[in-house]
Amino acid sequence: MKPKVYITRKLPEEVVSRIREVCEIRMWEEEEVPVPRFVLENEIAKIDGLYCLLTETIDRTLLEKAPKLKVVSNMAVGYNNIEVSAATDRGILVTNTPGVLTETTADLTFALLMATARRIVESSGFLRSGQWKTWSPMLLTGQDIHGATLGIIGLGRIGEALARRAKGFDMRLLYHNRSRKPDAENRLGLEYTDMETLLRESDFVCVMTPYTPETHNLIGKAQLALMKKNAVLINTARGGIVNEDDLYEALKKGTIWAAGLDVFEQEPIPLNHPLLTLPNVVTLPHIGSASVKTRLKMAHLAADNLLQALSGQRPAHPVNP
Ligand code: DGY
């Protein structure tokens, strides 16, 4: 008998057909509407494998309804949407998709850094709304990127890929991480610092760390107060790492100069959110890994993990301890 799989969003057919060859599948057919919780609760009771996205909360309560479940394959490198300890307690494998999205996410992070520093979105709006009257010495002036100091919080694969891009802009590179990475320091000229030094000395602070209970609100009022007045904060990791109320206050009062955000505590961010009223915030709808090639690679890698686990092999990317 084929294993039963539920897929929580409409995936490209080339991925679905690979899974269909060996599994009996059911799929939430919508592309832009997440599967409702009650549907997932009903489906999970019957399946051996779950293929899900970061938009689904896979918690203990849900997993308790899944007597046969062997694997939860997340189509993302981050897996804070899954209660891994609850899965481990029940002998359920959890997998993610590292590696394939590293360069694409670093591209987007650097693009967001540049867009924020040079006020690209604001300037475009300025022109289109008819405000451009003349060239003027200090009109829409931003911050230099070349030669500036970049502080990377969390030096994983994406953090390193960002450092490689920044090297091309002659930036001084600082990083803070749980552990030092001497090899990356030598290769990329990165300097390890404590958090306080990184925040004090950086012109650009990029949050690149996974979201865990330890990194929840890692950047709040006290950390923002340490940053330079002309500093730019970039977050392409997860929303909950930066306290949004404190960030709003800091941007409004001029404690820091600007922020570029691809991720939010609540996604989609509500349209009446105070951060969306500020001209010095560039906001994107969580598109770090969103290139056609990379999203296909992620979808295939998540399928690989799922199929490996269901066939009794060790999947390529398990995250359970
Ligand atoms: C991830 O994979 O965790 C990103 O946030 C989406 O690509």
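Going by an unreviewed UniProt entry, the protein carries the name D-glycerate dehydrogenase and comes from Effusibacillus lacus. For the record of the protein, the UniProt heading Sequence similarities (unreviewed entry) holds the text "Belongs to the D-isomer specific 2-hydroxyacid dehydrogenase family."

Asks: Mind laying out the UniProt feature "domain: D-isomer specific 2-hydroxyacid dehydrogenase catalytic" (unreviewed entry) in the protein, listing which residues take part and the relevant values?
Replies: In the numbering used here, UniProt assigns the "domain: D-isomer specific 2-hydroxyacid dehydrogenase catalytic" (unreviewed entry) feature to residues 5-320. With 36% helix and 15% strand, residues 5-320 has end C-alpha atoms that lie 20 Å from one another.

Asks: Requested: an account of the site of the ligand, with residues and values cited.
Replies: Around the ligand, a shell composed of Leu54, Ala76, Val77, Gly78, Leu101, Gly288 and Ser289 is seen. Grouping the constituent residues of the shell around the ligand by class yields 4 nonpolar, 3 polar and no charged.

Asks: Which residues make up the nonpolar core, and what values do they have?
Replies: If you look at the biggest cluster of nonpolar residues, it comprises 52 residues, and the most contacted ones within it are Leu113, Leu150, Ile152, Leu162, Cys206, Val207 and Val232. Element by element, the count of residues in this core is highest for helix α5 (residues 102-117), at 7 residues. In terms of nonpolar packing, the next biggest core, distinct from the first, is built from 41 residues, Ile82, Val94, Leu301 and Leu307 among them.

Asks: With reference to specific residues and values, describe the sheet that holds strand β7 (residues 172-176).
Replies: Strand order in the open sheet formed by 7 strands is β8-β7-β6-β9-β10-β11-β12, and the pairing between neighbours is parallel. With one partner strand each, in any of the chains shown, β8 (190-192) and β12 (281-283) form the two edges of the open sheet. Strand-to-strand twist of the sheet, defined as the mean angle between neighbouring strand axes without regard to direction, takes the value 20 degrees. Strands β6 (149-153), β7, β8 and β9 (204-207) of the sheet are contacted by helix α7 (residues 157-167), whose axis makes an angle of about 170 degrees with β6.

Asks: Go over α7, please, and point to the residues and values.
Replies: Of all the positions in α7, only Ile158, Gly159, Glu160, Ala161, Leu162, Ala163 and Ala166 are classed as buried. Residues of α7 that are buried in the fold lie against α5, β6, β7, α8 (182-188), β8 and β9.

Asks: Pulling in residues and values, what's your account of the sheet that holds strand β5 (residues 93-95)?
Replies: Taken in spatial order, the 5 strands make up an open sheet running β2-β1-β3-β4-β5, and their pairing is parallel. The open sheet has two free edges, formed respectively by β2 (24-27) and β5, since each of these has just one partner strand. Shown here is a sheet whose adjacent strand axes are inclined to one another by a mean of 15 degrees, direction ignored.

Asks: I'd like a description of the domain arrangement of the protein, backed by residues and values.
Replies: Partitioning the protein into domains gives domain 1 (4-98 + 292-310) and domain 2 (102-283). Using only C-alpha atoms to locate each centre, domain 1 and domain 2 end up separated by 32 Å. Across the contact, 4 residues belong to domain 1 and 6 residues belong to domain 2. Its residues assigned to classes, the side of domain 1 that touches domain 2 comprises 1 nonpolar, 3 polar and no charged.

The rules behind each value
Residues numbered from 1 in each chain as written. Predicted model: local features only at pLDDT ≥ 70, side-chain atom pairs only at ≥ 80, totals over all residues. UniProt positions renumbered as here; feature names shortened; annotations may be inferred. Helix = DSSP H or I, 4+ residues; strand = E, 2+ residues; numbered from the N terminus. Near = placed C-beta within 6 Å. Nonpolar A, V, L, I, M, F, W, Y, C, P; charged D, E, K, R; others polar. Core = buried A, V, L, I, M, F, W, Y, C linked by C-beta atoms within 7 Å. Buried ≥ 20, exposed ≤ 12 C-beta atoms within 10 Å, placed from the backbone. Pairing = 2+ DSSP bridges. Axes fitted to C-alpha atoms, helices over the stretch in contact; angles between N-to-C directions. Contact = placed C-beta atoms within 7 Å. Domains from an automatic or database assignment.

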